[in-house]
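# Observations on the three-dimensional arrangement
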Amino acid sequence: MFFQAIQTPGLAHVSYVLGSDGAALVVDPRRDLDVYLDVLQSQGLRLRYVLMTHRQEDFVLGTTALARLTGARIVAGKHPITGYADLQMGERERLQLGSLSLLALHTPGHTPESFSWAVFLDSHPQHAWGIFTGDALLAGETGRTDLHDPERTYENAAWLYDSLHREVLPLGDQTLVFPAHGAGSMCGGHIDDRALTTLGIERQRNPVFVLGREDFIAHKLRERLPRPPYFSRMAELNLQGGFPLDREPRTAPPLSPREFQQASRDGLVIDTREPEAFAGGHLPGSLNIWMKGLPVFAGWVADRDTPVFLVLPEGADLAQAVLSLARVGIDRVEGVLAGGFGAWRTTGLPIERNSTLIPNELHEHSARFQLLDVRDISEFESGHIPGARHAYVGELEERLPGLGLSPDDPVAVVCGSGLRSGLATSLLLRHGFQSVSNLLGGMTAWKKLDLPVEEGTPRLGEAPPPGQPMAGEELYYE
């Protein structure tokens, strides 16, 4: 038997390779396929099946592409949404892979077509070895129940509770649990940062097993989790198993500063340097998304048709940046600034700047600033700088007119560490704000210095109405 979990950096996604007697299957593959092909080749395995737990919302699947490339069959649960599969399996039907068998278990609630796949060794047929749960069951949590239809969150939560208790829990405490996402994923809230878990562990600490049915439903109704605009695009693309990516993803052509200036006029410039470097000097109108944040936050500001131009830190991996964008369906990376910002600076082209603050400076001069907190609503409510307005960074442009911020007066932007606020700062500059400062260290540093904090809901820039959840990503990154 062979088993390997494959992490996708930045997206908290996990896919799996399972092999037995020379045959293998891959569970929930991402769009770039080389990692799977390399594992299969190194282990001498022939791919027979590409197994789906559910449509994914936060990245483009490589299901169809991997099957076509290898001749494997796509396997999914029996549901109209997965009609593209070569083999649709009904409830409690079994799939044989060498000396292993997989039991199909319908576990809806996160999405209606969600199936979990319990793995049994032929030598121990009465006891499940493990289970691929997709996003139905995560470490310390379950998948969110508002994605399919926010108006049916209650019904979906009840559906999820019932299916996990009926189908999964009886497999026994020894069963290893292999979810499709780990800590930081926006497909579930407060996922534990554990690489390995079992049903025994989950039975003792997961809300779906610890709480009663009605309390669990109430728990899911209280969740206010991100729903970036690209989630809907990903779900649509994945209804046919995703769409292919070249074996060697195309990298962006290097452009001289003047070429970059001309070409990027009809596109979006994303500067992936740290916020401190961005503040010291950047291209006018560019947006600041740090490298590790690209897979999550680029989808808030760009889509499949957006021409993207990159400014990278010195020594950064261009191919990795392009791949990070491709994983969320952004393929039109049209150029990278050759020589980085230093080349732009020495060419004498226009430069824009913003200010930075440290907590003690902001505390001492807080009366001078309009305060804007761009964390998620739960973070804000748990403790924020007194008098701060609130809007989540991903929804800032949409909600800006209602925040009551004056573009002519200084604004101090706050998040957990200074990363999200770097993006928010660049958005405000692009909207004509004249004096914007990023609080370096964010609320993490503010609290460590025991500076004043108040709790409660926003007084200005309130949370959006039900059905329009706000977002938070501080779990993703420091």
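Conventions we followed
Residues numbered from 1 in each chain as written. Predicted model: local features only at pLDDT ≥ 70, side-chain atom pairs only at ≥ 80, totals over all residues. Heavy atoms only, no water. Helix = DSSP H or I, 4+ residues; strand = E, 2+ residues; numbered from the N terminus. Phe/Tyr/Trp six-rings, centres within 6.5 Å; stacked < 30°, edge-to-face > 60°. Buried < 20%, exposed > 50% of the residue type's maximum accessible area, 1.4 Å probe, protein only. Lys NZ or Arg CZ within 6 Å of the ring centre and 35° of its normal. Pairing = 2+ DSSP bridges. Axes fitted to C-alpha atoms, helices over the stretch in contact; angles between N-to-C directions. Parallel < 35°, antiparallel > 145°, perpendicular 65-115°, else oblique. Left-handed = near helix turned anticlockwise from the far one by under 90°. Contact = heavy atoms within 4.5 Å. Nonpolar A, V, L, I, M, F, W, Y, C, P; charged D, E, K, R; others polar.

### Remarks on unusual backbone geometry
Non-glycine residue Asp21 carries a positive phi angle of around 55°. Among the secondary structure elements, Asp21 is positioned in the loop between β2 (13–20) and β3 (23–27).

### As for the packing of aromatic side chains
For any pair of aromatic rings, the description rests on two quantities: the centre-to-centre distance and the angle between the ring planes. According to the stated counting rule, one finds 13 aromatic pairs in the structure shown. Centroid distance Phe115 to Trp117: 6.0 Å. Interplanar angle 35°. Geometry classified as tilted. The two residues Phe115 and Trp117 agree in class, both being buried. A centroid spacing of 5.6 Å and a plane angle of 65° characterise the contact between Trp300 and Tyr392, whose relative ring orientation is edge-to-face. With a gap of 92 residues between them, Trp300 in helix α10 (residues 294–301) and Tyr392 in the loop between β22 (389–390) and α15 (396–399) connect regions that are remote in the sequence. For Tyr392, a relative accessible area of 0% gives the class buried. Put simply, the rings of Phe3, Tyr16, Trp129, Phe132 and Phe178 pair up and form one aromatic cluster. The aromatic ring of Phe120 is capped on one face by Arg94, whose charged end is 4.7 Å from the ring centroid. A cation over an aromatic ring shows up here: Arg273 above the ring of Phe341, its NZ or CZ 4.5 Å from the ring centre.

### Quick look at the sheet that holds strand β13 (residues 176–179)
Spatial strand order, β7-β8-β9-β10-β13-β14: 6 strands in an open sheet with mixed pairing. Taken across any chain shown, the strands that pair with only one partner, and hence form the sheet edges, are β7 (94–97) and β14 (197–198). Judged from the 5 bridges that link them, strand β9 (residues 115–121) and strand β10 (residues 124–134) form a sheet pairing that is antiparallel. Across the sheet, residue Trp117 finds its bridge partner in β10, namely Phe132.

### Observations concerning the pairing of β7
Two faces belong to every sheet, and in a regular strand the side chains alternate between them. Only one face of β7 is covered, namely the face carrying Leu95 and Leu97; the face carrying Arg94 and Gln96 is uncovered. Connecting β7 to the next strand, strand β8 (residues 100–106), in antiparallel fashion are 2 residues, including Gly98 with a positive phi near 55°.

### A short note on the sheet that holds strand β16 (residues 268–271)
Picture the strands of a sheet paired through backbone hydrogen bonds; they go either parallel or antiparallel. With parallel pairing, the 5 strands of this open sheet are ordered in space as β15-β19-β18-β16-β17. Edge strands, defined here as strands with exactly one partner in the open sheet, are β15 (254–255) and β17 (287–288). Pairing analysis gives 3 bridges linking strand β18 (residues 308–311) to strand β19 (residues 333–337), with the strands arranged parallel. Among the inter-strand pairings, Val308 is bridged to a residue of β19, identified as Val333.

### Some details on the packing of helix α3 (residues 153–168) against helix α6 (residues 213–222)
Closest axis-to-axis distance for the α3/α6 pair is 9 Å, and the angle between their directions is 130°. As judged from the angle between their axes, α3 and α6 are oblique. Here α3 and α6 pass one another in a crossing that is right-handed. On α6, the residues that touch Thr153, Tyr154, Ala157, Ala158, Leu160, Tyr161 and Asp162 of α3 are Arg213, Glu214, Phe216, Ile217, Lys220 and Leu221. Residue classes in the contact of α3 with α6 are distributed as 8 nonpolar, 1 polar and 4 charged.

### Comments concerning the packing of α10 against helix α11 (residues 318–326)
Orientation of α10 relative to α11, taken along the N-to-C sense of each, is 60°, at an axis distance of 8 Å. Regarding the angle of α10 to α11, the classification is oblique. When you trace α10 past α11, the crossing you get is right-handed. Here α10 contributes Leu294, Pro295 and Ala298 to the contact with α11, which in turn contributes Ala321, Ser324 and Leu325. Split by residue class, the contact of α10 with α11 holds 5 nonpolar, 1 polar and no charged.

Function-wise, these values are silent; they only describe arrangement.
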